[in-house]
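This is what each chain is made of:
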Amino acid sequence: MTQGVRKARAAQTRAALLDAARTLFGERGYLNTKITDITAAAGRSTGSFYEHFADKDELLRALLGDLEDAADERLAAAPHPREHDLTDREQLRAHLAIAWGVMRQHRAIQVALFQSMVADDPASGRAWRDLTGQTAVLREHLEWLREGGHELPGEPELIAAGMGAMLALVSYSLPPGGAYDDEQVVDAFTDLLLKGLS
């Protein structure tokens, strides 16, 4: 077997494991999914899992990379300078719509991340690091507002983290096809946050 064929098979196995995990995390949740469940659903051996990932958390980090890539693609679709004014309803709504859209499109990953974070040691600081990392773009826009003399209700990092946490918890809690459609959610949070930021 040539090296190219081995690489192609390894890539197929990795993709199958990620796809199976994404599906199972969406159906059962992260905590209720075992590595053996993932390998069975992928049609691969348990040993093949460990050729690609050290543990389930490493697999989840790979899925998080997919989620972050999707968010970056949406942000890159239009010019995105630091100087966005989140006190302007349309600009704020556009940011929230991107975040909400990515969360809903990748809900299984969002659910898995939330469950993994809650199961982790609270003293580790992981939840805060993850949240502030994922809301860095919002923080930069809020810092720009503050530099321009706009008074914010708190520190930019804290406000951005609060915005992200609110969206993430609602995305986690609201089942697909729930009582509210995406437009209702984005409009409601836009108006709620706009009052606080203005």
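So, how was this worked out
Residues numbered from 1 in each chain as written. Predicted model: local features only at pLDDT ≥ 70, side-chain atom pairs only at ≥ 80, totals over all residues. Heavy atoms only, no water. Helix = DSSP H or I, 4+ residues; strand = E, 2+ residues; numbered from the N terminus. Contact = heavy atoms within 4.5 Å. Areas by Shrake-Rupley, 256 points an atom, 1.4 Å probe, with all protein chains shown as cover. Lys, Arg positive; Asp, Glu negative; His and termini not counted. Charge placed at Lys NZ, Arg CZ, Asp CG, Glu CD. Salt bridge = Lys/Arg side-chain N within 4 Å of Asp/Glu carboxyl O. Buried < 20%, exposed > 50% of the residue type's maximum accessible area, 1.4 Å probe, protein only. Phe/Tyr/Trp six-rings, centres within 6.5 Å; stacked < 30°, edge-to-face > 60°. Polar contact = N/O pair within 3.5 Å; in protein donor to acceptor, adjacent residues only side chain to side chain. Core = buried A, V, L, I, M, F, W, Y, C linked by side-chain atoms within 4.5 Å. pLDDT = per-residue confidence, 0-100. Expected span 1.5 Å × (residues − 1). Patch = residues over 30% accessible without salt bridge, like charges linked within 9 Å, V, L, I, M, F, W, Y side chains within 5 Å.

### Topic: the overall build of the protein chain
If you tally the helices and strands in the protein chain, you get 10 helices and zero strands. Ordering the α and β elements of the protein chain from the N terminus gives α-α-α-α-α-α-α-α-α-α. Each of the three principal axes of the protein chain carries a C-alpha extent, and together these read 65 × 35 × 35 Å. For the protein chain, contacts bridging at least 24 residues in sequence account for 71% of all contacts bridging at least 6. A total of about 10800 Å² of accessible surface is found on the protein chain, and carbon and sulfur atoms cover 54% of it. Looking at charge distribution, the protein chain has the averaged site of its 21 positive side-chain charges lying 8 Å from that of its 30 negative ones.

### Structural notes on the pattern of salt bridges
If charged atoms from side chains of opposite charge come close, those side chains can pair. Under the criterion given, the structure shown has 14 salt bridges. Across the salt bridge formed by Arg-89 and Glu-90, the nearest N and O atoms sit 3.8 Å from each other. We classify Arg-89 as partly exposed; its relative accessible area is 27%. Using a relative accessible area of 52% as the deciding quantity, one classes Glu-90 as exposed. Residues joined in a network through salt bridges with shared partners are Arg-89, Glu-90, Arg-93, Glu-183, Asp-187 and Asp-191.

### Quick notes on the packing of aromatic side chains
For the coordinates displayed, the defined rule picks out four aromatic pairs. Taken together, a centroid distance of 5.2 Å and an interplanar angle of 65 degrees make the contact between Phe-25 and Tyr-30 edge-to-face. You can call Phe-25 buried: its relative accessible area is 1%. Among the residues examined, Tyr-30 registers a relative accessible area of 7% and is labelled buried. Ring geometry for Phe-49 and Phe-53: centres 5.5 Å apart, planes at 50 degrees, overall tilted.

### Quick look at the side chain of Ser-48
Within the secondary structure, Ser-48 is located in helix H3 (residues 46–52). Within the structure, the side chain of Ser-48 is placed 2.5 Å from the backbone oxygen of Ser-45, a separation counted as a polar contact. Apart from residues no more than four positions distant in its own chain, Ser-48 is found in contact with Thr-13 and Leu-17.

### Observations concerning the environment of Ala-188
Structurally, Ala-188 is set in helix H10 (residues 182–197). Sequence separation between Ala-188 and Gly-162 is 26 residues, and the spatial gap between their C-alpha atoms is 16 Å.

### Regarding the nonpolar core
Of all hydrophobic cores here, the largest spans 23 residues; its most connected members are Phe-25, Ile-38, Phe-53, Leu-59 and Leu-63. Broken down by secondary-structure element, the contributors of at least two residues to this core are helix H1 (3–28), helix H2 (35–42), helix H4 (56–76) and helix H6 (107–119). Here this core takes seven residues from H1, the largest share from any one element. Among residues more than four places away in sequence, those in contact with Phe-25 are Tyr-30, Thr-33, Ile-38, Lys-56, Leu-59, Leu-60, Leu-63, Ala-108, Val-111 and Ala-112. Core analysis: the next-biggest nonpolar cluster, separate from the first, contains 21 residues, Leu-152, Phe-189, Leu-194 and Leu-197 among them.

### Some words on the environment of Arg-129
Of note, Arg-129 is situated in helix H7 (residues 126–134). The class for Arg-129 is exposed, based on a relative accessible area of 51%. In this structure, the C-alpha to C-alpha distance between Arg-129 and Ala-161, residues 32 residues apart in sequence, is 9.9 Å.

### What to know about the confidence of the model for the protein chain
Mean pLDDT over the protein chain works out to 90, with 98% of the residues at or above the 70 mark. Within the protein chain, H4 has the poorest average pLDDT of any element, 82, and H2 the best, 96.

### Describing H6
Taking 1.5 Å of rise per residue, 13 residues should cover 18 Å, and H6 covers 18 Å from first to last C-alpha, within 8% of that figure. The complete set of buried residues in H6 reads Arg-107, Ala-108, Ile-109, Gln-110, Val-111, Ala-112, Leu-113, Gln-115 and Ser-116.

### Quick word on a negative patch on the surface
A cluster of acidic side chains, namely Glu-68, Asp-69, Asp-72 and Glu-73, defines a negative patch on the protein surface. Secondary-structure assignment places Glu-73 in helix H4.

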